[in-house]
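Each chain, letter by letter, is given below.
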Amino acid sequence: MSLPPLAAADLAPFASHVRAEGGKFTTLPDVLKVGDVPGQHAFAVLCPQPVDPHAISITFLERHPHSTQTFVPLTVGRWIVLLAPTLSDGTPDLANIRAFLAGPEDAVCIHRNVWHAGLTVLDRPAEVGMMMWRSGPADDGVVFELPNPIVLSV
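Residues numbered from 1 in each chain as written. Predicted model: local features only at pLDDT ≥ 70, side-chain atom pairs only at ≥ 80, totals over all residues. Heavy atoms only, no water.

S.K.: Even after reading the chapter, I still don't get the overall build of the protein chain, so can you show me in this structure?
M.R.: Counting its regular elements, the protein chain contains one helix and eleven strands. For the protein chain, the α and β elements follow one another from N to C terminus as α-β-β-β-β-β-β-β-β-β-β-β. In terms of overall dimensions, the protein chain is globule-like: its C-alpha atoms have a radius of gyration of 15 Å, near the 15 Å expected for 154 residues. Along the first, second and third principal axes, the C-alpha atoms of the protein chain reach 40 × 40 × 30 Å. Of all 154 residues assigned to the protein chain, the portion counted as buried reaches 43%. Restricting the contact set of the protein chain to residue pairs at least 6 apart, pairs at least 24 apart contribute 85%. (Helix = DSSP H or I, 4+ residues; strand = E, 2+ residues; numbered from the N terminus. Rg over C-alpha atoms; globule rule 2.2 N^0.38 Å. Buried < 20%, exposed > 50% of the residue type's maximum accessible area, 1.4 Å probe, protein only. Contact = heavy atoms within 4.5 Å.)

Structure follows, in structure tokens:
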């Protein structure tokens, strides 16, 4: 699968591009949505190591049924945003996966219950701020091991 650049319109209905509108103060309610279970907002800085851009293999997807999940690049080069809808049985709709190549200016809020790949960076070690509603120490993450890896090319 070849990756187009990230564009806000392409993210809908799975995620929101986190950006100021018209260069002005912009409120982003999806980022601070309260989960539908008891908990609290959590903010962490993730430090993923880069993968080989010629050998990107996604082996699992995850979703958060009770929370949006927002990624805000602090120090990053290019990174992958891979999203899939959820089927009625709760599994990912592998036939409708969307994948994009994001850059250091791209922050993304993944909507609740949307399957996505783990944070995958390409060019250098990264620091990415991540915020979500945490329902407890294990949060609400659901993992799906893919029967066949998703292979991406950049």
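S.K.: In this structure, what is going on with the nonpolar core? I would like to understand it.
M.R.: Buried together is how nonpolar side chains tend to be arranged in soluble globular proteins. Membership of the largest hydrophobic core comes to 19 residues, with the highest contact counts inside it found for Leu-11, Trp-79, Val-81, Leu-83, Val-108 and Ile-110. Discounting chain neighbours no more than four positions away, the residues touching Leu-11 are Leu-6, Ser-16, His-17, Val-81, Leu-83, Phe-100 and Val-108. (Core = buried A, V, L, I, M, F, W, Y, C linked by side-chain atoms within 4.5 Å.)

S.K.: Whenever I open this one, the packing of aromatic side chains confuses me. Can you help?
M.R.: Two measures describe an aromatic ring pair: the distance that separates the ring centres and the angle between the ring planes. According to the stated counting rule, one finds one aromatic pair in the structure shown. Consider the rings of Trp-115 and Phe-144, whose centres lie 5.9 Å apart with planes at 70 degrees: the pair is edge-to-face. One end of the pair, Trp-115, is in strand β8 (residues 115-116); the other, Phe-144, is in strand β11 (residues 142-152), and 29 residues separate them in sequence. Relative accessible area serves as the criterion here: at 23%, Phe-144 is assigned to the partly exposed category. (Phe/Tyr/Trp six-rings, centres within 6.5 Å; stacked < 30°, edge-to-face > 60°.)

S.K.: Where do I start with the side chain of Thr-68 in this structure?
M.R.: Topologically, Thr-68 is positioned in the loop between β3 (56-63) and β4 (69-75). With a relative accessible area of 4%, Thr-68 lands in the buried category. Of note is the side chain of Thr-68, whose polar atom sits 3.0 Å from the backbone oxygen of Asp-30. In this structure Thr-68 touches Asp-30, Val-31, Lys-33, Cys-109, Ile-110, His-111, Arg-112, Met-131, Met-132 and Trp-133, once residues within four positions along its chain are discounted. (Polar contact = N/O pair within 3.5 Å; in protein donor to acceptor, adjacent residues only side chain to side chain.)

S.K.: What's the story with empty space enclosed by the protein in this structure? I'm lost.
M.R.: Unfilled space is identified by rolling a water-sized probe across the atoms. A complete count under the given rule lists one cavity of 30 Å³ or more for this structure. Quantified by volume, the largest cavity comes out at close to 70 Å³. Forming the boundary of the largest cavity are Phe-71, Trp-79, Ile-80, Val-81, Leu-82, Val-108, Ile-110, His-116, Ala-117, Gly-118 and Leu-119. Split by residue class, the lining of the largest cavity holds nine nonpolar, two polar and no charged. (1 Å grid on protein atoms, 1.4 Å probe; cavity = no way out; pocket = protein on both sides within 12 Å on 5 of 7 lines; lining within 4 Å. Points joined across faces, edges and corners; volume = space filled by probe spheres on them. Nonpolar A, V, L, I, M, F, W, Y, C, P; charged D, E, K, R; others polar.)

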